[in-house]
Amino acid sequence: MTKSTVKTRIMGIDFVNTTMSRFLSDSIEPRLQQEKQTFVVTANPEIVMQTRKDSAYKGAIQSSDYVVPDGIGIIKAASWLKEPLQERIAGFDLTLELLQIANDKGYACYFLGATEEVNAIAVQRVCEEYPNIPIAGRKHGFFDFSDEEIAREIAGTNPDIVFVALGLPRQELWIKQYKRYFDKGLFIGVGGSFDVLAGKVNRAPEIWIKLNLEWFYRLVKQPSRWKRILKIFQFMFLVLIGKGKKE
């Protein structure tokens, strides 16, 4: 992570403490212009909890250039630790901002992850909404993690931005392991964003987002997510009992 970036530490993870606008203008756009390789993590409580039990994953997160606070749980935790974060930087919102920048500046994008159907539809929707984006390529997420040729093939397309939708913890581990094959590029794990882009999953209505209840909306729509939602409460409990800055 860039030393000059203001950070708030939560359970051993350093989050950038800024706004979406400042993050893009002060950090991301200059690095894209200078073709500096950049690794961005959008971390929610589930990701932080995963780092507690998986040292390799924690190493991947800590090796990134920027970890942004994605999730109201992270924002609340920082407040309780008396190091409040300026703004939640949601992963899907950041994805849309990056697509807009790519559309405005002509940055080539690669889309890695999700099923073949979702990936294809998502990229088609991107082409319709952002017609000036050069599509470097796309590939579904059902491949052998150890296959180095896939990374070499993607690197050969010379992308400026690589959206990796392989889910937790695979996407961040893949970025850490294979970004060395690339001369440049912004790499970001985007979780289920391709499903939203493809229209397979609806994001919460704006009022739910403003009320910080997006997690509850997802639970109502997808009850099978209850184990993932439980991680939020486990995370908050650990912060409350004083483990927020440890590890």
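Worth saying up front: this structure is predicted, and the values here are computed from it rather than measured.

Parameters at a glance
- Residues numbered from 1 in each chain as written.
- Predicted model: local features only at pLDDT ≥ 70, side-chain atom pairs only at ≥ 80, totals over all residues.
- Heavy atoms only, no water.
- Helix = DSSP H or I, 4+ residues; strand = E, 2+ residues; numbered from the N terminus.
- Buried < 20%, exposed > 50% of the residue type's maximum accessible area, 1.4 Å probe, protein only.
- Contact = heavy atoms within 4.5 Å.
- Areas by Shrake-Rupley, 256 points an atom, 1.4 Å probe, with all protein chains shown as cover.
- Phe/Tyr/Trp six-rings, centres within 6.5 Å; stacked < 30°, edge-to-face > 60°.
- 1 Å grid on protein atoms, 1.4 Å probe; cavity = no way out; pocket = protein on both sides within 12 Å on 5 of 7 lines; lining within 4 Å.
- Points joined across faces, edges and corners; volume = space filled by probe spheres on them.
- Nonpolar A, V, L, I, M, F, W, Y, C, P; charged D, E, K, R; others polar.
- Axes fitted to C-alpha atoms, helices over the stretch in contact; angles between N-to-C directions.
- Parallel < 35°, antiparallel > 145°, perpendicular 65-115°, else oblique.
- Left-handed = near helix turned anticlockwise from the far one by under 90°.
- Pairing = 2+ DSSP bridges.
- Expected span 1.5 Å × (residues − 1).
- Bend = angle between axes of the 7 residues up to and from the residue.

Caption draft 1: Structural view of the overall build of the chain. Broken down by element type, the chain carries 12 helices and 8 strands. Classification of the 247 residues of the chain by burial places 50% in the buried group. When contacts within the chain are restricted to residue pairs at least 6 apart in sequence, long-range pairs at least 24 apart make up 76% of them. Accessible surface, the chain as shown: approximately 11700 Å² in total, 49% of it carbon and sulfur.

Caption draft 2: Spatial organisation of the packing of aromatic side chains. This model, assessed by the stated rule, comprises 7 aromatic pairs. Between F111 and F194, the aromatic rings sit 6.0 Å apart at their centres with planes inclined by 55°, giving tilted as the arrangement. A residue pair is termed long-range when its members are at least 10 positions apart, and F111 in strand β5 (residues 109-113) and F194 in helix α9 (residues 193-197) qualify at 83 residues. Comparing F111 with F194, the two get one shared label, buried. An aromatic cluster is present here, built from F145, W174, Y178 and Y181 joined pairwise through their rings.

Caption draft 3: Molecular detail of unusual backbone geometry. Between L168 and the following residue, P169, the backbone shows a cis peptide bond with an omega angle of 0°. The topology assignment puts P169 in the loop between β7 (161-165) and α8 (170-178). Of note in this structure, K82 is not a glycine but carries a positive phi near 65°. Assignment of secondary structure puts K82 in the loop between α4 (72-80) and α5 (91-105). Located in the positive-phi region is N158, a residue other than glycine, with phi close to 55°. For N158, a relative accessible area of 45% puts it in the partly exposed group.

Caption draft 4: Region of interest: empty space enclosed by the protein. Inspection of the entire model under this criterion finds 1 cavity of 30 Å³ or more. If you add up the space inside the largest cavity, you get close to 40 Å³. Taken together, R31, L32, E35, K36, D160, K184, G185 and L186 make up the lining of the largest cavity. Residues that form the lining of the largest cavity fall into these classes: 2 nonpolar, 1 polar and 5 charged.

Caption draft 5: Up close: the packing of helix α2 (residues 45-53) against helix α3 (residues 55-62). It is at 6 Å that the axes of α2 and α3 come closest, and there the two elements cross at 125°. With respect to their mutual orientation, α2 and α3 come out oblique. Crossing geometry of α2 relative to α3 is assigned as left-handed. Where α2 approaches α3, its residues I47, Q50, T51 and K53 are matched on the opposing element by S55, Y57, K58 and I61.

Caption draft 6: Geometry of the sheet that holds strand β6 (residues 135-139). Here 6 strands make up an open sheet; going across it, the order is β4-β3-β8-β7-β5-β6 and the pairing parallel. Every other strand in the sheet has two partners, leaving β4 (66-69) and β6 as the edge strands with one partner each. Between one strand axis and the next, the sheet turns by 15° as a mean value, whatever way the strands run. Sheet topology places β5 next to β6; 4 bridges connect them, and they run parallel. Among the inter-strand pairings, L112 is bridged to a residue of β6, identified as K139. In the packing of α5 onto the sheet, the strands contacted are β3 (38-43), β4, β5, β7 and β8 (186-189), and the crossing angle to β7 comes to about 150°. The strands touched by α8 within the sheet are β3, β5, β7 and β8, with β8 carrying the most contacts at an inclination of about 160°.

Caption draft 7: Quick peek at helix α1 (residues 20-33). Taking 1.5 Å of rise per residue, 14 residues should cover 20 Å, and α1 covers 18 Å from first to last C-alpha, within 8% of that figure. In the structure, α1 departs most strongly from a straight axis at S27, where the bend amounts to approximately 25° and where the proline P30 lies between one and four residues downstream. On its buried side, α1 packs onto β3, β4, α5, β7 and β8.

Keep in mind that these numbers describe shape and distance, not what the molecule does.
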